[in-house]
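Reading the structure
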Amino acid sequence: MILRNSTSLSTSALVELFNRHTTDWEHGGLRVFVRHSRTAPFSGLCYYREGRILLNIGRAVVFPYRLTTCIARAESNARQWWRELYTVDVPDAERLALFVFLHEFYHWLVFRARRNPRQKESRCDRFAVRALVDHHGATVRDRAGRLVERAAWDFQDLDGFVWGARRITRAAAG
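Our subject in this report is the structure included herewith. (Residues numbered from 1 in each chain as written. Predicted model: local features only at pLDDT ≥ 70, side-chain atom pairs only at ≥ 80, totals over all residues. Heavy atoms only, no water.)

As a volume, the largest pocket reaches approximately 290 Å³. Every residue lining the largest pocket is counted, 16 residues in all, and those nearest its centre are His21, Asp24, Trp25, Arg130 and Asp159. Considering every element that reaches the lining of the largest pocket, the biggest residue donor is helix α3 (residues 121-136), with five residues. Classifying every residue of the lining of the largest pocket by side-chain character gives five nonpolar, four polar and seven charged. Quantified by volume, the second largest pocket comes out at close to 190 Å³. Lining the second largest pocket, in full, are Ala74, Trp81, Arg83, Gln119, Lys120, Glu121, Ser122, Arg123, Arg126, Phe155 and Gln156. Only β7 (81-83) and α3 provide two or more residues apiece to the lining of the second largest pocket. (1 Å grid on protein atoms, 1.4 Å probe; cavity = no way out; pocket = protein on both sides within 12 Å on 5 of 7 lines; lining within 4 Å. Points joined across faces, edges and corners; volume = space filled by probe spheres on them. Helix = DSSP H or I, 4+ residues; strand = E, 2+ residues; numbered from the N terminus. Nonpolar A, V, L, I, M, F, W, Y, C, P; charged D, E, K, R; others polar.)

The next thing to look at is the sheet that holds strand β2 (residues 31-36). Reading across from one edge, β1-β2-β4-β3 is the order of the four strands in this open sheet, with mixed pairing throughout. For this open sheet the edge positions go to β1 (2-5) and β3 (42-47), each flanked by a neighbour on one side alone. Mean inter-strand twist for the sheet, computed between neighbouring axes without regard to direction, equals 10°. One ladder, built from six bridges, connects β2 with strand β4 (residues 52-57); its direction is parallel. Within the sheet, the bridge partner assigned to arginine 35 lies in β4 and is asparagine 56. (Pairing = 2+ DSSP bridges. Axes fitted to C-alpha atoms, helices over the stretch in contact; angles between N-to-C directions.)

Right, let's talk about the packing of aromatic side chains for a bit. Considering all chains together, one arrives at seven aromatic pairs under this definition. With 5.4 Å between their ring centres and 25° between their planes, phenylalanine 101 and phenylalanine 105 make a pair best called stacked. In this pair, phenylalanine 101 and phenylalanine 105 both sit in helix α2 (residues 93-112), four residues apart, roughly one turn of the helix. When its relative accessible area of 0% is taken as the criterion, phenylalanine 101 is described as buried. (Phe/Tyr/Trp six-rings, centres within 6.5 Å; stacked < 30°, edge-to-face > 60°. Buried < 20%, exposed > 50% of the residue type's maximum accessible area, 1.4 Å probe, protein only.)

For the rest of this paragraph, the subject is the environment of glycine 137. On the secondary structure map, glycine 137 appears in the loop between α3 and β9 (140-141). The class for glycine 137 is exposed, based on a relative accessible area of 62%. In this structure the C-alpha to C-alpha distance between glycine 137 and aspartate 89, which are 48 residues apart in sequence, comes to 9.7 Å.

See the structure below:
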């Protein structure tokens, strides 16, 4: 993975953070660009065919930042479906960049695993939130600010879904 950073964030810290969460996944040749956004608090894009991820982090974001996610189970009735919005408090700009990176990286994994890339936003959010919760002390809360049990948002085998994009080690290859 090649990282180009034009923000005030530490490039070495971002490289270490991103690599820590991608060691099991194939990402050779992937180019990641981190820059400041013009207006939005954050955004990201994954260009599958070019092997490029763009991350935009706002300069004026105040931390901790309350990140609204689409990780809840979808619910429906006879006429419509909806999803409750859960929030995660992100402590700093590096963790916000990690969230956006992992979200876009999951899009990349879906493509590499030759899965249908349509309608995967919730899976991508879950992949990113799982890392924040497991390794960075984040908590998931509902609209009223109550803690949400993990089973309410971490209910899919995200790694299994993109298993075809895993890094094959020499030991596993035979």
